[in-house]
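# Coordinate inspection notes
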Amino acid sequence: MSVNNGLTCICGGSDMRRELAYDAPPQGETHFSLTGEYRREYWQCQYCGHMAARLRMNLSGLYQHDYVEATYGGMDGLQRSFERVVNLPPEQSDNVGRVSRIITFAEGRYRGGDPSGAAMRLLDVGSGLAVFPHAMRQLGWNCTVVDVDERLTTHAAQVAGVQAVCGDFATMSGLTGYDAVTFNKVLEHVADPVGMLAAAGGSLAPGGFVYVEVPDGVAALFEGPHREEFFVEHLHVFSPASVAILAARAGFSPLAVERVREPSGKFTLRAFLEPDSMGPHWWAL
């Protein structure tokens, strides 16, 4: 396999080795209307294990246009998918485990809630089906979602019953004062996950925390190249080390980084982060 192709890892390392290559979509991958030849690769950092995609197709505009239609079948499909996931038995639901873990963490951090007695405020970035904020709202949290696709924010407001803002979180202003900011399977989809995560610092209330979920590429690689962790829309696939480095570069300290295999079979890294009083570490800039 080739080494050092000019790619630079999220950690800043340049010792990248080509680990996976595709000239056709693997089974189960969503068919998107992409321009360019279907050829893509994942290059893995030999220092931290992070995997970065190299594509010949053009994914720009995917999340404003083709993603919802191709993945869910439009607005009607969004609602059907939402209802299906909401009604899964608890033992089959990834979201049940996610909600339970976040509630447990928040109760420990806030010792039962906001001292003022107000509802805890949650900002969910890249809301997708909005199953997660819907569940948190039912538990008494005041939830807002932000997404670049107006169809998803309309769905979140009308079907999940939460506040919704349409726009690019990385460049938005005015979303402030939240006790928790969450990125559930979002940062792997963006070219600059450090910049996206760093934006959360300005949205947190004092004492607030960030929750991140990303694909665990190191674990998935043991089961082969056709895992969904390596589907075309994932520009980054993480390792435990690269999650910690991502946090440090974005100005956060990891409070916990956990590996799980979810009921759906996904290999996932979960991380709880808090703002680092020293800002981004010099070694991670």
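Computed from a prediction, not measured in an experiment: that's the story for all the values here.

Here we come to the pairing of strand β7 (residues 178–184). The buried fraction of β7 is high, at seven of seven residues. When β7 meets strand β8 (residues 204–215), the two strands line up parallel, connected through six bridges. Within β8, the position partnered with Thr 182 by the bridge is Tyr 211. Taken together, β7, helix α6 (residues 193–198) and β8 constitute a β-α-β crossover, and its handedness is right-handed.

This brings us to the sheet that holds strand β11 (residues 267–275). Pairing within the open sheet is mixed, and its seven strands lie in the order β6-β5-β4-β7-β8-β11-β10. Whereas interior strands pair on both sides, the edge strands pair on one side only; in this sheet they are β6 (163–166) and β10 (252–261). The average angle at which neighbouring strand axes cross in this sheet is 20°, direction not considered. Bridging between β8 and β11 involves six bridges; their strand directions are antiparallel. Looking across to β11, one finds that Glu 213 is bridged to Arg 270. Set on the sheet, helix α5 (residues 150–160) makes contact with β5 (142–147) and β6; between it and β6 the angle comes to about 170°.

A separate point is the confidence of the model for the chain. The predicted model of the chain has a mean per-residue pLDDT of 89, with 88% of residues at 70 or higher. When mean pLDDT is taken per element in the chain, β11 scores highest with 98 and helix α1 (residues 66–72) scores lowest with 67.

Moving on, we come to the packing of helix α3 (residues 94–110) against helix α4 (residues 131–138). The contact between α3 and α4 brings their axes to 10 Å, and the two run at 50°. Here α4 runs oblique to α3, going by the angle between their axes. Like other packed secondary-structure pairs, α3 and α4 cross with a definite hand, here right-handed. Packed against α3, whose contacting residues are Asn 95, Arg 98, Val 99, Ile 102 and Ile 103, the element α4 presents Val 131, Phe 132, Ala 135 and Met 136 at the interface. Considering only residue class, the contact of α3 with α4 consists of seven nonpolar, one polar and one charged.

What follows deals with unusual backbone geometry. At Ala 130, a residue that is not glycine, the phi angle is positive and equals roughly 65°. You can see Ala 130 is positioned in the loop between β4 (121–125) and α4. On the accessibility criterion, Ala 130 (0% relative accessible area) is buried. Of note in this structure, Lys 185 is not a glycine but carries a positive phi near 55°. Looking at the element boundaries, Lys 185 is found in the loop between β7 and α6. With relative accessibility at 18%, the residue Lys 185 sits in the buried group.

In spatial order, the strands read β1-β2-β3-β9; together these four strands make up an open sheet with antiparallel pairing. Edge positions in the sheet fall to β1 (16–22) and β9 (236–237), since each of these pairs with one other strand and no more. Here two bridges tie strand β3 (residues 51–55) to β9, and the two strands are oriented antiparallel to one another. Counterpart to Ala 52 in the pairing with β9 is His 236.

Attention now goes to α5. Residues of α5 that are buried: Leu 152, Thr 153, His 155, Ala 156 and Ala 160. Taken around the axis of α5, the buried residues stretch over an arc of 155°, which confines them to a single face. Among the exposed residues of α5, those oriented more than 90 degrees off its buried face are Glu 150 and Gln 158. Looking one or two residues past α5, Gly 161 carries a phi angle of roughly 75°, positive in sign.

Thresholds applied
Residues numbered from 1 in each chain as written. Predicted model: local features only at pLDDT ≥ 70, side-chain atom pairs only at ≥ 80, totals over all residues. Heavy atoms only, no water. Buried < 20%, exposed > 50% of the residue type's maximum accessible area, 1.4 Å probe, protein only. Helix = DSSP H or I, 4+ residues; strand = E, 2+ residues; numbered from the N terminus. Pairing = 2+ DSSP bridges. Right-handed = clockwise from strand over helix to strand, strands pointing away. Axes fitted to C-alpha atoms, helices over the stretch in contact; angles between N-to-C directions. Contact = heavy atoms within 4.5 Å. pLDDT = per-residue confidence, 0-100. Parallel < 35°, antiparallel > 145°, perpendicular 65-115°, else oblique. Left-handed = near helix turned anticlockwise from the far one by under 90°. Nonpolar A, V, L, I, M, F, W, Y, C, P; charged D, E, K, R; others polar. Arc of directions from axis to C-beta.

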